[in-house]
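Examining the three-dimensional arrangement
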Amino acid sequence: MEQAARLSPSKLVLTSVLEPKDELNEKLERFYNTVTGIQSSLSEREANDALNSFACRGTQQHEEIQLGLLYGILTDPKMAPKHYRDLTLVSRDGLTIVLTKTNQIIFEKWLKLLDSTRAQIVWLCKELIQNGILGSDSVCHSLIRQIAGGDISPKNIWLTEVMVDIFTENRTWLDKFPNLLSTVVYTYLRVIVDHNGQVFVNLRQKEVELCISILREKWTDCQAVGRDLVRLLQNVARIPEFEKLWRDMMLNPSAICPSFTGVQQLMHTRTSRKFLISRLTPDMENKLVFLITKVKFGQHKKYQDWFQRQYLATPESQSLRCDLIRYICAVFHPPNELLCSEIIPRWAVIGWLLTTCTSNVAASNAKLALFYDWLFFDPERDSIMNIEPAILVMFHSIRPHPAITATLLDFLCRIMPNFCLPLREQVQQGVYTSLRVILEKRVLQSLSPLFDNSKLDQELRILIRENFNEFCSQEVVKEDSMNNKDVIEIDNGHHVENNLSDAAFSDEEDDMVEKLPSDCTFQPIRDTRYEPVDLEEYLQQLGGDIYEYTVQLRDEKDQEIQCEVMDRLLQTILREDECDLDMTGGPLAACICQILASQLSSNLFPKEQDEESLEDSIGSPLFVMFRFLTTMPEEDPNRQPILQLMGEMYNRQARIGYYLLYFIKVGKVNDEKMNTYKDFCKSLDNKDLPSCLMRDLKLCQEDDVRLFIFLMPDIYTIFPNIAIGNVELLHMIVSAIDGTQLQELICQILQGHLVMFRKDSFLSILNGSLEWETLEQYFLWQLISAHNIPVDYIMPVLPKLDYTAHAEALSSILVLLKQEGPSSDLIRPILCRDYKKTDFFAVSILKYWAQEYEDKLAEIILAQVSKMNGTPKKRQRVGNASSKKDGISIEQILSHLDHMRQVCKNISFLNNENIQHALQQVHQMSNETLKTKFSDLLALADDIEADFKSVRVLRGVPARKAANASAAMGLDNRNSRKTTKKVVQETSGSSDSSDDEEIKPRPKKRKKALPVEEDSD
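Residues numbered from 1 in each chain as written. Predicted model: local features only at pLDDT ≥ 70, side-chain atom pairs only at ≥ 80, totals over all residues. Heavy atoms only, no water.

1. Section: the overall build of the protein chain
The cut-off we apply is this: Going along the chain from the N terminus, every DSSP run of H or I of four or more residues is numbered as a helix, and every run of E of two or more is numbered as a strand. Relative accessibility thresholds used throughout: buried, under 20% of the residue-type maximum; exposed, over 50%; partly exposed, between the two (1.4 Å probe, protein chains only). Throughout, a residue-residue contact means that at least one pair of heavy atoms, one from each residue, lies within 4.5 Å. Note on areas: Shrake-Rupley, 1.4 Å probe, and residue coverage restricted to the protein chains presented here.
When helices and strands are counted, the protein chain shows 60 helices and two strands. The buried share of the protein chain, taken over its 1017 residues, is 54%. Look at the contacts in the protein chain between residues 6 or more apart in sequence, and 73% of them connect residues 24 or more apart. Here the protein chain has roughly 47,400 Å² of accessible surface; of this, 49% comes from carbon and sulfur atoms.

2. Details of the packing of aromatic side chains
Each pair of aromatic rings is reported with the distance of its centres and the angle of its planes. The line we're drawing: Aromatic pairing here means that ring centres of Phe, Tyr or Trp (its six-membered ring) are within 6.5 Å. Orientation follows from the plane angle: under 30 degrees is stacked, over 60 is edge-to-face, and everything else is tilted.
If you walk through the whole model with that rule in mind, you get 29 aromatic pairs. Measuring from centroid to centroid gives 6.2 Å for Y84 and W123, while their planes differ by 85°, and the two rings are edge-to-face. Pair noted here: Y84 is in helix α5 (residues 80-90) and W123 is in helix α7 (residues 115-130), with a separation of 39 residues, a long-range link. For W123, a relative accessible area of 23% gives the class partly exposed.

3. A word on the packing of helix α49 (residues 841-852) against helix α52 (residues 890-903)
Heads up, the condition is: Each axis is a line fitted through C-alpha atoms, and for a helix only the stretch in contact is used; angles between axes span 0 to 180 degrees, taken between their N-to-C directions. Each angle is binned into one of four classes, with values under 35 degrees roughly parallel, values over 145 roughly antiparallel, values of 65 to 115 roughly perpendicular, and all other values oblique.
Here α49 crosses α52 at 75°, and the two axes come no closer than 10 Å. Taken together, α49 and α52 sit at an angle that is classed as roughly perpendicular. Counted together, A842, V843, L846, K847 and A850 of α49 and H896, H899, M900 and V903 of α52 form the full contact between these two elements.

4. Observations concerning the packing of helix α12 (residues 201-217) against helix α15 (residues 240-251)
What counts is decided by this rule: Left-handed describes a crossing whose near helix is turned anticlockwise from the far helix by less than a right angle; the clockwise case is right-handed. Under the scheme applied, nonpolar residues are Ala, Val, Leu, Ile, Met, Phe, Trp, Tyr, Cys and Pro; charged residues are Asp, Glu, Lys and Arg; polar residues are all the others, including Gly.
Interaxial distance between α12 and α15 falls to 10 Å at its minimum, and their mutual angle equals 20°. In terms of axis orientation, α12 runs roughly parallel to α15. As α12 runs across α15, the sense of the crossing is left-handed. Judged by residue contacts, Q205, V208, C211, I212, L215 and R216 of α12 engage E241, F242, K244, L245 and D248 from α15. Its residues placed into classes, the contact of α12 with α15 shows six nonpolar, one polar and four charged.

5. Let's talk about the side chain of H300
Quick note on the threshold: Pairs of N or O atoms are called polar contacts if they sit within 3.5 Å, as long as, within protein, a hydrogen donor faces a hydrogen acceptor (for residues adjacent in sequence, only side-chain-to-side-chain pairs).
Here H300 is to be found in the loop between α18 (282-294) and α19 (301-311). Engagement of the side chain of H300 in a polar contact is seen with the backbone nitrogen of G298, the distance being 3.0 Å. If we ignore the near neighbours within four places in the chain, the residues touching H300 are V295 and I344.

6. Some remarks on the confidence of the model for the protein chain
Under the convention used in this document: Confidence of the predictor at the level of single residues is captured by pLDDT, which takes values from 0 to 100.
In the predicted model, the protein chain carries a mean pLDDT of 81, and the fraction of residues at 70 or more is 83%. Note on residues 476-530: pLDDT is under 50 here. Beyond four places in sequence and across chains, it has 133 contacts. For residues 947-1017, every residue scores under 50 in pLDDT, and the model assigns this stretch 55 contacts once sequence neighbours within four places are set aside.

7. A closer look at helix α38 (residues 675-683)
Listing the buried residues of α38 in full gives T676, Y677, D679, F680 and C681. Next to the buried residues of α38 lie α35 (621-630), α36 (639-652), α37 (656-666) and α39 (689-703).

8. Digging into the environment of S91
Structurally, the position occupied by S91 is in the loop between α5 and α6 (96-109). When the C-alpha atoms of S91 and A55 are compared, they prove to be 8.5 Å apart, with 36 residues separating the residues in sequence. Once residues within four sequence positions are removed from consideration, S91 is found in contact with H62 and Q66. Reaching out from S91, the side chain makes a polar contact with the side chain of D93 at a distance of 2.9 Å.

9. A closer look at a nonpolar patch on the surface
Where we set the bar: Exposure above 30% relative accessible area and the lack of any salt bridge qualify a residue for a patch; like charges then connect within 9 Å, and the nonpolar side chains Val, Leu, Ile, Met, Phe, Trp and Tyr within 5 Å. Just to be clear on terms, a salt bridge is a Lys or Arg side-chain nitrogen sitting within 4 Å of an Asp or Glu carboxyl oxygen.
A cluster of nonpolar side chains, contributed by Y803, F840 and V903, occupies part of the molecular surface with about 230 Å² of accessible area. Here V903 shows up in helix α52. For V903, a relative accessible area of 36% gives the class partly exposed.

10. Things to note about the nonpolar core
Heads up, the condition is: Each nonpolar core is a collection of buried residues, namely Ala, Val, Leu, Ile, Met, Phe, Trp, Tyr and Cys, held together in the definition by side-chain atoms within 4.5 Å.
In this structure, F242, I391 and F468 are the most contacted members of the largest nonpolar core, which totals 170 residues. With near-sequence residues (within four places) excluded, F468 lies in contact with L412, C413, M416, V431, Y432, L435 and F451. One finds Y549, C832, A858 and V865 within the second-largest nonpolar core, a separate group that totals 153 residues.

11. Some details on the side chain of T271
Structurally, T271 is set in the loop between α16 (263-267) and α17 (273-277). Overall, T271 belongs to the buried group, its relative accessible area being 3%. In terms of polar contacts, T271 uses its side chain to reach the backbone amide nitrogen of R227, at 3.4 Å. Within the structure, T271 has its side chain in polar contact with the side chain of D228 (distance 2.9 Å).

12. Points about unusual backbone geometry
The backbone of L95 sits at a positive phi, close to 65°, despite the residue not being glycine. Mapped onto the secondary structure, L95 falls in the loop between α5 and α6. Given the relative accessible area of 3%, L95 is considered buried. Unusually for a residue other than glycine, N788 sits at a positive phi of about 55°. Of note, N788 is situated in the loop between α45 (774-786) and α46 (791-794).

13. Focus: a negative patch on the surface
Heads up, the rule is: Counted as positive: Lys and Arg. Counted as negative: Asp and Glu. His and the chain ends are not counted at all. Note on charges: their place is set at NZ of Lys, CZ of Arg, CG of Asp or CD of Glu.
Taken together, the side chains of E608, D610, E612, E615 and D616 present a region of like negative charge at the surface. You can see E612 is positioned in helix α34 (residues 611-617). Residue E612 is classed as exposed on the basis of its relative accessible area of 60%.

14. Observations regarding the pattern of salt bridges
In the structure shown here, the tally under the stated rule is 41 salt bridges. Between R227 and D373 there is a salt bridge; the shortest N-O distance is 2.8 Å. On the criterion of sequence distance, the pair formed by R227 in helix α14 (residues 227-235) and D373 in the loop between α23 (360-371) and α24 (384-397) is long-range, its members being 146 residues apart. On the basis of relative accessible area, R227 is assigned to the buried category, the value being 0%. Looking at D373, the relative accessible area reads 2%, which means it is buried. Look at the salt bridges and you will find they share partners, linking R227, D228, R231, R326, D373 and D382 into a network.

Printed below as a string of structure tokens:
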């Protein structure tokens, strides 16, 4: 009975055999059994008295009775009215315990609740409202939050409709709760746009009538929603009822409410977080918060893919992106500790949401949600954290995804005059204020890299300059028409720079945002491409020909002429009498970096690699400097000034390092050992070669994974002492590549151009990889397989691997072992693994080998057992026969064999002759503890031992008679025919040979067989 109860299905939530039992369900069911036990065999009056008497014993008993009756209401619809009546009679706290537990069930268990349970919760909500229970509005809050936006599944539509019916039927009650009233309006204004099909006509009409009646009659309460109320009303403006409301809002606002002055009044009111939170279900919010607080940047793709499959996979879910973006911008304000960590920043998540929009309408609404707080931004009331994601997603997307930045800038330019014609100037002022605060708080140092970027087409740049001339660089006046030849397209690279690690914004504000204190400072976002400088200031520090050539370099637009000017500039530097780099090196480096900024921020590596494209990629003036340096002999003292200048540039623009590596690889220079790069690293202050190389490669990996992979063969070949065995470098590779790049690396390995491992450092790589992400570890094992690493290199790490925690490594090792045959060296670490019932590693490979190499595996196991049985008995029996040789104990071997017996049904391997001999040896030599522990396994050897006993007493009798005698005894021979035949043949031999047998029966057992010998005679 007890077991049957444990196995009975839950009446409250959906259960699965793979999931643990639901503690809340078990607790409520236990309380319900207490209630039914008290009420059994009693009349209704007596039952009520008994419940009251039990509840009066104390607070715990009072809670048990209430929650038990709640369970009855949720699981038994027929008895629900009676249980509710009993509940109102017993409760001494105004049903506070019931309301709290109901809200908990809705919040935590809604997705797992049975349909019948959901219906009963709605029924209970109706009863609470009709009886005027204080706190019933909290249940309504919990229920409408479970109405998911962008979801037209039957269950969601059912909940939407039953709740709108409840609010319509109990409108007088609803008007008493302004917070609930405004949340209801906000919720249904949001979901109306999802219900536009013919099948939802009735539901949509109910929603429209409810919203219009509340807005018309309770405008003051609805007005508390703030500016997002306008955003939602815009989405439904084409519905006739809302179209009339809009006409009154714009032309006659006092007709709606005497104190209402117009749309601008709403737009100046920041929307409270509680409304924005209400449009994400608790489960959805938990997943999103996990993504933006726990997932590291660079490891986020699989989590984003899961989130998209779960919530954003249907066409209707396009509208949900607005809710997510508003939540990220206006609700979630990360603290400084999170901003300085490696966690994926908010702008990266928003950029991903924008790129997954497939509907033009949804994309426009998503962009509006992103910029919404910009339109009427007021530093006194609004938080800079609301506008920070939009500027950062544009800034960080300009290089890898220029199309995103372009469409956002275009939207920002066009929303100012078109959002609301009467409020055009106020919207423009709000956007300008936003940009000024961004610069003032140093979210960005300058907007010029964004507004004046050459990746934007000329038409858009003209539009930007017309609308944001105040924020554009005054140095860029004339645009080169050649910049328009490139078609803007989304780059296929995988990485967007994460420069938020240096950001430090204020901690999360309360619901009512206060004015930022005057001493609140914000650190700038460091732009690793280049830091804009005042070019004129540095030019004044130069003189002579250097000044002239630097000015020519700045003013010249033709790249070939720029290269010639750069060559003349370098020639001038080498004239010691005209140039003192100790004085002018810093200013000159600042000027060159500023002039070449656009080249340093563009895509260096061509999409199609051929000799011509690679040659074109190094045709800029920067590479003239590199070629100038590489062509100079190593002993030439004139190299030093150039190295000094490059060092100054490197301090300002770190990309110089990997650009030099790329040039040496493709530039056809006589520098196969990359000595130029080594000399460059030596010339840097406090920079050794390993740290310099790793820094450059890390930056390259973040900028362009394709270029990073392109450099890897040379890095591993020229710098083997740094690269081979470097866990950090290997992790950079596997964390960034995709399938195509993995294929490229494997091809390089098979061609002999790339060697990434060697024996002395291989184990440190394996140990370091155990904490990596799953995909990263599988990529690593693909690279290991391509190298044909001997399995012997891998086996030492095997005993320390946990079956659950290190599944990636163990599954990969299993595949490698499957391709090998069993040997003593391979068997030993496998048997050394501690036995766990849930660990199937050892049993899986042993079973596979038993199928393919049965005799060989059995011989190895017998040899291992024989070695341990060959030790002196005194030593062997110490510690329950657990003495070890080569790290293996008898108990470990028996544990794995016994695991095979339990897991692998009908396994013939344990009947193998050598395994039987091994078990017999263990049976004779081990102590009683082991015999008891492995009695079932050792019993498999009983039959062959019985054969030996009977055969020994029949020595001298012809084989056929001996066999007949055995048959007469009724012996059940479970051993193979081969084993039986061998034993019979041995018995037919000379009696002298019996002294040499490995297993000798005891004399006692021979005496018991004497009657058989007499019968046979």
